[in-house]
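These are the residues of each chain, in order.
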Amino acid sequence: MTLIVWLSFLAFIFAMVMLDLGVFHRKAHAIGIREALLWTVGWVALALAFNVLVYFLYESDSLGFSSVPSHRLTGHQAALQFFVGYLVEKSLSVDNIFVIAMIFAYFGVPAAQQHRVLFWGIFGAVVLRGVMIAAGAVLIARFDWIVYVFGLLLIASAIKMLVARHDQISPERNLAVRFVRRFFPVTDTFEGNHFFVTLDGRTAMTPLMVALILVETSDVMFAVDSIPAVFAITRDPFLVFTSNVFAILGLRSLYFALAGMMEKFRYLKISLVVLLAYVGVKMLLSHHYPIPNLVSLGIIAGILAVGVLVSIWAARRSALRSHAEA
């Protein structure tokens, strides 16, 4: 029955993705903030509804799901772990949004084509993260000490995030882009919504495809941070994967809702650094001083709230100062 649950979830996600692209966004158009916010609310509501389903799936054990060793949780434990994992993943995706905005700005991707790039980028991210989560689950099951490696990796990632600059995009230095360019020339201009076109009898990539490659590879780098972070919350592969998928599926609409306002949340990055560091410490302490997930939920929510509130206060102060100087 466990296989049925997994296949049902994958079928549901595939149906939602196809409905998104094939029905609601069949025609390329620039997505406004209002539309993006509605989609964001919709994806969040869907994730919360699934959270309720997780509770009953584990609590009732009607499908024999929680009888599997890796799923032996009560409904309350499973629902809490899913929610905290989803919150962590959703929060860390904010930094990903900033990088995506820089990629689109660098290539001058038309607003009407950005949705197409994000759709296929996120579709690929779901597949790649599934592979990485499966590998992580196997490593943790076989080598219990790997949690210390993941914990140190998260702390190192926090330090890297603190000092890294995302304002410089260099496609020519990206290994994936350099590899693909060996086989395909790149056109100088966009060709509608096409990733490939025929140029002088040869198949050529458009800048839209190069942007997609960069979005995909940047997500892999972020997954190296976010997946261990969720494993610090739960060791259940199903909860790790589903919380990741729901957070990633909502990333596209969240991008269009927040991309134009990123400068107003200048201190949110510091909150993400602290969040990563905290989750890393939580993982390092997991064998000796495990921190309850309910406590973690409060700490993570507090970290994010401080970052948002300080950013809003700083933005208002800057606006008042500019108004006074004018």
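This one's a predicted model, so the numbers in the text were calculated from it and none came from an experiment.

Asks: Is there a simple way to think about the overall build of the protein in this case?
Replies: In terms of regular secondary structure, the protein is built from 11 helices and two strands. Along the chain direction, N to C, the helices and strands of the protein fall in the order α-α-α-α-α-α-β-β-α-α-α-α-α. Considering the protein as a whole, with its 326 residues, one finds that 46% of them fall into the buried category. Restricting the contact set of the protein to residue pairs at least 6 apart, pairs at least 24 apart contribute 78%. When the accessible area of the protein is evaluated, it comes to approximately 16300 Å², of which 69% is carbon and sulfur surface.

Asks: What is the right way to look at the confidence of the model for the protein in this model?
Replies: Detailed reading of the predicted coordinates is not advisable wherever pLDDT is low. The predicted model of the protein has a mean per-residue pLDDT of 79, with 87% of residues at 70 or higher. Across the protein, the element-wise mean pLDDT spans from 75 in helix H1 (residues 2–24) up to 88 in helix H8 (residues 237–249).

Asks: I'm lost on the pairing of strand E2 (residues 202–205) in this one. Help?
Replies: Regular strands show a simple pattern: their side chains alternate between the two faces of the sheet. As defined by bridge partners, strand E1 (residues 196–199) adjoins E2 across four bridges and the pair is classed as antiparallel. Residue Thr198 lies in a different strand from E2, and its bridge partner there is Thr203. Adjacent in sequence and paired antiparallel, E1 and E2 are bridged by two residues, among which Asp200 carries a positive phi angle near 55°.

Asks: Sorry if this is basic, but what is going on with H8 here?
Replies: Owing to its 3.6 residues per turn, the α-helix aligns residues three or four sequence positions apart on the same side. Between its first and last C-alpha atoms H8 spans 18 Å; for 13 residues at 1.5 Å apiece the expected length is 18 Å, and the two agree. Counting buried residues in H8 gives 12 out of 13 residues, a clear majority hidden from the surface. Regarding H8, the residues found buried are Phe238, Leu239, Val240, Phe241, Thr242, Ser243, Asn244, Val245, Phe246, Ala247, Ile248 and Leu249. At the N-terminal boundary of H8, the capping side chain belongs to Asp236, with an oxygen 2.9 Å from the backbone nitrogen of Phe238.

Asks: What is the right way to look at the packing of helix H4 (residues 111–142) against helix H9 (residues 251–258) in this model?
Replies: Each packed pair of helices is defined by two parameters, the angle between the axes and the distance between the axes. Two numbers describe how H4 lies on H9: the axes approach to 9 Å, and their chain directions differ by 145°. The two elements H4 and H9 meet at a crossing, and its hand is right-handed. Between H4, through Gln114, His115, Leu118, Phe119 and Ile122, and H9, the contact on the second element is made entirely by Leu251, Arg252, Tyr255 and Phe256. Along the lines of polarity and charge, the residues of the contact of H4 with H9 split into six nonpolar, two polar and one charged.

Asks: Help me understand the packing of helix H2 (residues 33–60) against H9, please; the structure alone is not making it clear to me.
Replies: Closest axis-to-axis distance for the H2/H9 pair is 8 Å, and the angle between their directions is 145°. The two elements H2 and H9 meet at a crossing, and its hand is left-handed. Residue-level inspection shows Ile33, Ala36, Leu37, Trp39, Thr40 and Trp43 of H2 in contact with H9, the latter providing Ser253, Leu254, Phe256 and Ala257. Residue composition of the contact of H2 with H9, grouped by class: eight nonpolar, two polar and no charged.

About the criteria used
Residues numbered from 1 in each chain as written. Predicted model: local features only at pLDDT ≥ 70, side-chain atom pairs only at ≥ 80, totals over all residues. Heavy atoms only, no water. Helix = DSSP H or I, 4+ residues; strand = E, 2+ residues; numbered from the N terminus. Buried < 20%, exposed > 50% of the residue type's maximum accessible area, 1.4 Å probe, protein only. Contact = heavy atoms within 4.5 Å. Areas by Shrake-Rupley, 256 points an atom, 1.4 Å probe, with all protein chains shown as cover. pLDDT = per-residue confidence, 0-100. Pairing = 2+ DSSP bridges. Expected span 1.5 Å × (residues − 1). Polar contact = N/O pair within 3.5 Å; in protein donor to acceptor, adjacent residues only side chain to side chain. Axes fitted to C-alpha atoms, helices over the stretch in contact; angles between N-to-C directions. Left-handed = near helix turned anticlockwise from the far one by under 90°. Nonpolar A, V, L, I, M, F, W, Y, C, P; charged D, E, K, R; others polar.

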